[in-house]
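Architecture at a glance
As a plain string of letters, each chain reads:
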Amino acid sequence: MEFKSIPVGIESTDEMLKSANVELLMASPLCPGKYVSIIAGDVGAVEASIKNGAHVGGIHMLESHVIPNIHPDVLPAMLGAGEIGDVKSLGIVETINAISSILIGDICAKASNVELLEIRIARGLGGKGFVLITGEISSVKMAIQTAQTEMAESNLITSYSVIASPHKDIAKILF
């Protein structure tokens with residue numbers, strides 16, 4: 001869940017954790033004055049928790065997503081815990097807000113044979129997020145096209161790029 005108020009975000013997160021059997025993966029203030037909470041658990045418990053968080057958050061809640069059967073590479077990409085191997089091609093997808101970058105990362109990972117390199121959620125990004133993926137150029141393009149198609153109505157993707165064989169110094173500045 002993403003909130004436009006830090007105090008309300010903290011209060012809503014507290015209610016989310018008290019109302020269902022879920023695990024808190026991350027809760028943090030983000031710039032500019034937003035708060036993000038990420039929880040995990042059984043789909044029903046997460047949905048109940050989000051519903052209660054939304055009730056407390058009220059008009060301060062910006063967005064929420066429940067991602068059933070999340071791809072196993074999403075959490076390591078969010079935490080920067082994945083290993084960066086050979087970057088054959090680089091796909092970059094920028095999102096309008098923090099939470100949507102997690103959803104885009106999951107869609108890309110499920111859509112094609114790509115590796116999630118990083119999901120960066122709004123730290124120092126003015127509230128935006130972005131996803132970095134790698135793989136064969138055709139797989140990267142297919143993953144991004146699938147994300148664009150699935151998210152077309154929501155306008156959550158602000159821009160994207162695909163770079164074939166990125167220069168080795170690009171990897172140094174990104175990771």
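Owing to the predicted nature of the structure, the values given are computational and were not obtained by experimental measurement.

Overview of helix 1 (residues 6–19)
- With 14 residues, helix 1 extends 20 Å from end C-alpha to end C-alpha; this agrees with the ideal 20 Å at 1.5 Å per step.
- Looking only at helix 1, the buried set comprises V8, G9, S12, T13 and M16. Buried residues along helix 1 cover an arc of 135 degrees about the axis, so they all sit on one side. Within helix 1, the exposed residues directed more than 90 degrees away from the buried face are P7 and K18.
- Buried residues along helix 1 sit in contact with strand 1 (2–3), strand 2 (23–30), strand 3 (34–40) and helix 2 (43–57).
- Among the residues of helix 1, the N-terminal cap falls to S5, whose side-chain oxygen and the backbone nitrogen of V8 are separated by 3.3 Å.

Section: the UniProt feature "domain: BMC" (unreviewed entry) in the protein chain
- As annotated by UniProt and renumbered to match this structure, "domain: BMC" (unreviewed entry) occupies residues 1–79 and 89–175.
- The span residues 1–79 carries 44% helix and 25% strand; its end-to-end C-alpha distance comes to 17 Å.

What to know about a nonpolar patch on the surface
- Taken together, L25, L75 and L79 make up a surface patch of nonpolar side chains, about 240 Å² in accessible area.
- By secondary structure assignment, the location of L75 is in helix 3 (residues 74–79).
- For L75, a relative accessible area of 34% gives the class partly exposed.

So, the environment of L62
- Following the sequence through the fold, L62 ends up in strand 4 (residues 61–63).
- On the basis of relative accessible area, L62 is assigned to the partly exposed category, the value being 40%.
- Residues L62 and D14, 48 residues apart in the sequence, show an inter-C-alpha distance of 17 Å.
- If we skip the residues at most four places from it in the chain, L62 touches E2, F3, K4 and K34.

Quick word on the layout of surface pockets
- What the largest pocket holds in volume is close to 460 Å³.
- Together, 23 residues line the largest pocket, and L25, I39, A40, I67 and I70 are the ones closest to its centre.
- Looking at the lining of the largest pocket, the elements with two or more residues in it are strand 3, helix 2, helix 3 and helix 4 (98–111).
- Tallying contributions element by element places strand 3 first for the lining of the largest pocket, with four residues.
- Its residues assigned to classes, the lining of the largest pocket comprises 18 nonpolar, five polar and no charged.

Structural notes on the sheet that holds strand 6 (residues 115–121)
- The four strands are arranged 6-7-5-8 in an open sheet whose pairing can be described as antiparallel. At either margin of the open sheet sits one strand with a lone partner, and together these are strand 6 and strand 8 (157–164). Pairs of neighbouring strands in the sheet enclose a mean axial angle of 10 degrees, with direction left out of account.
- Here six bridges tie strand 5 (residues 89–95) to strand 7 (residues 129–134), and the two strands are oriented antiparallel to one another. Its bridge partner being in strand 7, V93 is matched across the sheet by V131.
- Sheet strands in contact with helix 4 are strand 5, strand 6, strand 7 and strand 8, and its direction is about 170 degrees off that of strand 6.
- Lying over the sheet, helix 5 (residues 137–150) contacts strand 5, strand 7 and strand 8, oriented at roughly 170 degrees with respect to strand 8.

Here we look at the side chain of N97
- For N97, the position within the fold is in the loop between strand 5 and helix 4.
- With relative accessibility at 8%, the residue N97 sits in the buried group.
- Here S100 takes part through its side chain, which lies 2.5 Å from a polar atom of the side chain of N97.

What counts as what
- Residues numbered from 1 in each chain as written.
- Predicted model: local features only at pLDDT ≥ 70, side-chain atom pairs only at ≥ 80, totals over all residues.
- Heavy atoms only, no water.
- Helix = DSSP H or I, 4+ residues; strand = E, 2+ residues; numbered from the N terminus.
- Expected span 1.5 Å × (residues − 1).
- Buried < 20%, exposed > 50% of the residue type's maximum accessible area, 1.4 Å probe, protein only.
- Arc of directions from axis to C-beta.
- Contact = heavy atoms within 4.5 Å.
- Polar contact = N/O pair within 3.5 Å; in protein donor to acceptor, adjacent residues only side chain to side chain.
- UniProt positions renumbered as here; feature names shortened; annotations may be inferred.
- Patch = residues over 30% accessible without salt bridge, like charges linked within 9 Å, V, L, I, M, F, W, Y side chains within 5 Å.
- Areas by Shrake-Rupley, 256 points an atom, 1.4 Å probe, with all protein chains shown as cover.
- Salt bridge = Lys/Arg side-chain N within 4 Å of Asp/Glu carboxyl O.
- 1 Å grid on protein atoms, 1.4 Å probe; cavity = no way out; pocket = protein on both sides within 12 Å on 5 of 7 lines; lining within 4 Å.
- Points joined across faces, edges and corners; volume = space filled by probe spheres on them.
- Nonpolar A, V, L, I, M, F, W, Y, C, P; charged D, E, K, R; others polar.
- Pairing = 2+ DSSP bridges.
- Axes fitted to C-alpha atoms, helices over the stretch in contact; angles between N-to-C directions.

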